[in-house]
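Structural features, examined
Now for the letters of each chain:
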Amino acid sequence: MMDLTTTALLDLSHSLAGDYLSGFPYPWQALDGIKELILTLGPRLDPAEYEERAPQVWVHKTAEIAPTAYLGAPCIIGRSTEVRHCAFIRGSALVGAGCVVGNSVELKNVILFDGVQTPHYNYVGDSILGHRAHMGAGSVTSNVKSDKTLVAVRDGERTIPTGRKKFGAILGDHVEVGCNSVLNPGTVIGPRASIYPTSSVRGTVPPDHIYKGPGQVVRREPGD
């Protein structure tokens, strides 16, 4: 079985949410409190570094925000992050330092650790993306099941109920998601794992593995 605990998946030193996340055994348990976390952190940010561009919208002074981007409250945009043309941040988004939120990308109720890249046509909702995780063009999280039942995390023969109707994915540090892939509700991908393009992923992918398709999950070899 895969270790699904928060500290096994995420290096908490790479997010303003680190202390908050450390209080949860599993990272998806933190999703309900993201809005309140941002509202707590925002007023405490150093005004020499961050400016409140609109009520409850805090942006680091080194961040580059395209004039066509929409920043919904509450949100925090970190140091040296780039928010590109027509990005749609719906709200409750904590975006770290050195991130890319690309053209036509939509974020909703998320934590993006430092160095995360969502550069082209991505939807990320009710999810947490670890340090330097990357989502290829067109890859998305699906955060609601088609039958609207509660999401469970399935890890082999083990099933962990989450009690949540909306839960997209947890990406560990340095995860690579290939273009046009779908991460189905409750997907958890371990650190340094990779997902082949056009994949439909559900359940878990262990750290240091490559997901090639259902039943085709192989350990990463040196040089992969």
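A quick note: this is a predicted structure, and the numbers were derived from the prediction, not measured.

A few words now on the pattern of salt bridges. Should their charged atoms come close, side chains of opposite charge can pair. Under the counting rule described, the total for this entry stands at eight salt bridges. When the shortest N-O distance is used, the salt bridge between Arg-84 and Glu-82 registers 3.1 Å. A residue is classified by how much of its surface remains accessible, and Arg-84, at 28% relative accessible area, is partly exposed. Using a relative accessible area of 27% as the deciding quantity, one classes Glu-82 as partly exposed. Connected through salt bridges with shared partners, the residues Asp-32, Lys-108, Asp-126 and Arg-164 form a single ionic network.

Here the focus is the environment of Pro-222. Looking at where Pro-222 falls in the secondary structure, it is placed in the segment after strand E24 (216–219). On a C-alpha basis, the gap between Pro-222 and Ala-193 in space is 13 Å, while along the polypeptide they are 29 residues apart.

A word on the environment of Ala-17. Tracing the backbone through its elements, the reader meets Ala-17 in the loop between helix H1 (6–9) and helix H2 (18–21). Of the residues examined, Ala-17 reaches a relative accessible area of 0% and is grouped as buried. Distance from Ala-17 to Ile-34, taken between C-alpha atoms, is 8.8 Å for residues 17 residues apart in sequence. Residues in contact with Ala-17, not counting those within four places in the same chain, are Leu-37, Leu-94 and Ile-111.

Of all hydrophobic cores here, the largest spans 64 residues; its most connected members are Trp-28, Ile-77, Val-83, Leu-107 and Leu-171. For Leu-171, the residues in contact, after removing those within four places along its chain, are Leu-10, Ile-128, Leu-129, Gly-130, Ala-133, Met-135, Val-177, Leu-183 and Ile-189.

Below, the discussion takes up the pairing of strand E9 (residues 106–112). For a regular strand, side chains alternate in direction, first toward one face of the sheet and then toward the other. Burial runs high along E9: six of the seven residues are buried. When strand E7 (residues 88–95) meets E9, the two strands line up parallel, connected through six bridges. Note on E9: the bridge partner recorded for Ile-89 is Leu-107. Relative to strand E11 (residues 123–129), E9 runs parallel, the two being bridged by six bridges.

Next up on the list: the side chain of Lys-108. Take Lys-108: it is sitting in strand E9. Reaching out from Lys-108, the side chain makes a polar contact with the side chain of Asp-126 at a distance of 2.6 Å. Those residues in contact with Lys-108 that lie beyond four places of it in its chain are Arg-90, Gly-91, Ser-92, Tyr-123, Val-124, Gly-125, Asp-126, Asn-143 and Lys-166.

This model, assessed by the stated rule, comprises four aromatic pairs. With a centroid separation of 5.0 Å and an interplanar angle of 70°, the aromatic rings of Tyr-20 and Phe-24 are classed as edge-to-face. The structure contains a cluster of three or more aromatic residues connected by ring pairs, namely Tyr-26, Trp-28 and Phe-167.

What counts and how
Residues numbered from 1 in each chain as written. Predicted model: local features only at pLDDT ≥ 70, side-chain atom pairs only at ≥ 80, totals over all residues. Heavy atoms only, no water. Salt bridge = Lys/Arg side-chain N within 4 Å of Asp/Glu carboxyl O. Buried < 20%, exposed > 50% of the residue type's maximum accessible area, 1.4 Å probe, protein only. Helix = DSSP H or I, 4+ residues; strand = E, 2+ residues; numbered from the N terminus. Contact = heavy atoms within 4.5 Å. Core = buried A, V, L, I, M, F, W, Y, C linked by side-chain atoms within 4.5 Å. Pairing = 2+ DSSP bridges. Polar contact = N/O pair within 3.5 Å; in protein donor to acceptor, adjacent residues only side chain to side chain. Phe/Tyr/Trp six-rings, centres within 6.5 Å; stacked < 30°, edge-to-face > 60°.

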